[in-house]
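A structural walkthrough
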Amino acid sequence: EAGVVQSPRYKIIEKKQPVAFWCNPISGHNTLYWYLQNLGQGPELLIRYENEEAVDDSQLPKDRFSAERLKGVDSTLKIQPAELGDSAVYLCASSFDTGSIYEQYFGPGTRLTVT
Amino acid sequence: AQSVTQPDIHITVSEGASLELRCNYSYGATPYLFWYVQSPGQGLQLLLKYFSGDTLVQGIKGFEAEFKRSQSSFNLRKPSVHWSDAAEYFCAVGAPDKLIFGTGTRLQVFP
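Calculation criteria
- Residues numbered from 1 in each chain as written.
- Chains lettered and ligands numbered in written order.
- Predicted model: local features only at pLDDT ≥ 70, side-chain atom pairs only at ≥ 80, totals over all residues.
- Heavy atoms only, no water.
- Salt bridge = Lys/Arg side-chain N within 4 Å of Asp/Glu carboxyl O.
- Helix = DSSP H or I, 4+ residues; strand = E, 2+ residues; numbered from the N terminus.
- Buried < 20%, exposed > 50% of the residue type's maximum accessible area, 1.4 Å probe, protein only.
- Pairing = 2+ DSSP bridges.
- Axes fitted to C-alpha atoms, helices over the stretch in contact; angles between N-to-C directions.
- Disulfide = S-S within 2.5 Å.

Some details on the pattern of salt bridges
One pass over the structure, following the stated rule, counts 10 salt bridges over all chains. Note that B:Lys49 and A:Glu103 form a salt bridge whose closest N and O atoms lie 2.3 Å from each other. Here A:Glu103 lies in the loop between β9 (88-95) and β10 (105-106) and B:Lys49 lies in strand β6 (residues 44-50), a pairing that spans two chains. We classify B:Lys49 as partly exposed; its relative accessible area is 30%. One salt bridge connects B:Arg106 with B:Glu88, and the closest N-O pair in it is separated by 2.9 Å. Separated by 18 residues along the polypeptide, B:Arg106 in strand β12 (residues 105-110) and B:Glu88 in strand β10 (residues 87-95) bring together distant segments of the chain. For B:Glu88, a relative accessible area of 11% gives the class buried. Shared partners join several salt bridges into a network, and the residues in it are A:Arg64, A:Glu83 and A:Asp86.

Some points on the sheet that holds strand β7 (residues 65-68) of chain A
All names here are of chain A. Across the sheet, which stays open at both edges, the 4 strands sit in the order β1-β3-β8-β7 with antiparallel pairing between neighbours. Each edge of the open sheet carries a strand with a single partner, namely β1 (5-7) and β7. Geometrically, the sheet is characterised by an average inter-axis angle of 15 degrees between neighbouring strands, direction not taken into account. The sheet contact formed by strand β3 (residues 19-24) and strand β8 (residues 75-79) spans 5 bridges and is antiparallel. What sits directly across from Phe21, in β8, is Leu77.

Topic: unusual backbone geometry
All names here are of chain A. Pro8 follows Ser7 through a cis peptide bond whose omega is -10 degrees. Structurally, the position occupied by Pro8 is in the loop between β1 and β2 (10-13). Even without a glycine there, the phi angle at Lys16 is positive, about 80 degrees. Its place among the elements puts Lys16 in the loop between β2 and β3.

Examining the state of the cysteines
In total, this model carries 2 disulfides over all chains according to the counting rule given. Disulfide partner of A:Cys23: A:Cys92, at an S-S distance of 1.9 Å. Sign of the S-S torsion, about -70 degrees for the bond between A:Cys23 and A:Cys92, identifies this disulfide as left-handed. Of this pair, A:Cys23 sits in strand β3 while A:Cys92 is found in strand β9, placing the two residues 69 residues apart along the sequence. The buried category is assigned to A:Cys92, whose relative accessible area is 0%. Shown here is the disulfide that connects B:Cys23 with B:Cys91, its sulfur atoms set 2.0 Å apart. What sets the handedness of the B:Cys23 and B:Cys91 disulfide is the S-S torsion sign, and at about -65 degrees it is left-handed. Within this pair, whereas B:Cys23 is found in the loop between β3 (19-21) and β4 (24-26), its partner B:Cys91 is found in strand β10, the two being separated by 68 residues in sequence.

As structure tokens, then:
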């Protein structure tokens, strides 16, 4: 069984540029999570989807961050415009459903560097 | 508010030595507790979890953890560390609708 796939794995951009990250969850997993992991910190939840619906986006900085999961499978996280402080690892995770919130499977992450 | 503290930022051990990584939590109810490992360039992998019952939990890769309610702790242990155990280790507590992670402990293993 394939795990959670994320791309790109690494991205370097200049500040004020837009950037997008893509996530493909494990097949059959209805719940998808995006996490932010700053250097030396643990992951922090940005947004949680149940199918197409964002059920918890309270920690997503909506002035510059957006996310979508149009068909309830793949998801895209976007930052526009990027700031220096956005340099971090962006992790995607999935679980079968919200009842399995403690059975999350994590992707390898996208390491973003903003210069 | 729920929180997790991992007091040790960095630990170095010799291969074959025993290991204990500390984790303290703050949670009002009976906690769900987890340990994850993150190798360089990899996602987080679940090592073990505690929901209820036996307070000594066995996990993968020879790891175990003990839940001590009186000390609000969930320390991770391994009797003999292998070089491949070098990684970042995260303790987490399960809040009602999310996982809350500690800041991690980086384990370095010397041959």
